[in-house]
Amino acid sequence: MTNLEAVTAADVRLMQDLAQRVTARRPDLVNSDAAFGELAWNWGKGHAADGGSWTRRLWFAGGELVAWAGPSCRAG
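Cut-offs and rules
Residues numbered from 1 in each chain as written. Predicted model: local features only at pLDDT ≥ 70, side-chain atom pairs only at ≥ 80, totals over all residues. Heavy atoms only, no water. Pairing = 2+ DSSP bridges. Helix = DSSP H or I, 4+ residues; strand = E, 2+ residues; numbered from the N terminus. Contact = heavy atoms within 4.5 Å. Axes fitted to C-alpha atoms, helices over the stretch in contact; angles between N-to-C directions. Polar contact = N/O pair within 3.5 Å; in protein donor to acceptor, adjacent residues only side chain to side chain.

Novice: When you look at the sheet that holds strand β3 (residues 64–69) in this model, what are you seeing that I'm missing?
Specialist: On the basis of which strands lie adjacent, the open sheet formed by three strands has the order β1-β2-β3 and antiparallel pairing. The open sheet has two edge strands, β1 (5–6) and β3, and neither has a second partner. Sheet topology places β1 next to strand β2 (residues 55–61); two bridges connect them, and they run antiparallel. Among the inter-strand pairings, A6 is bridged to a residue of β2, identified as T55. Most of the contacts of helix α1 (residues 9–25) go to β3, to which it runs at about 100°, and overall it touches β1, β2 and β3.

Quick look at the structure:
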């Protein structure tokens, strides 16, 4: 899925799983907004404030989430 869509709770769980996998292998690549707990906090805060306009883009390989971009990322 590469379309911009509203972030859902299911998306946050996928993003948290990816954050855990990256943290286990390359903790230097995880910024504070993409840490496991911060994803839930930022989503909850953003969802409450912006509702359906809080978008994301997800990229999958072999059925597994391998990358995502959030509302502050403007992929073209």
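Novice: Honestly, the side chain of R56 in this entry has me stumped. Any pointers?
Specialist: Mapped onto the secondary structure, R56 falls in strand β2. A polar contact of 2.8 Å, which involves the side chain of R56, links it to the side chain of D11.

Novice: Even after reading the chapter, I still don't get the environment of W68, so can you show me in this structure?
Specialist: Following the sequence through the fold, W68 ends up in strand β3. As for W68 and L58, which are separated by 10 residues in sequence, their C-alpha atoms are 4.5 Å apart. Aside from chain neighbours lying at most four places away, what touches W68 is M15, L18, A34, L39, R57, L58 and W59.

As far as function goes, none of this settles anything; it's purely spatial.
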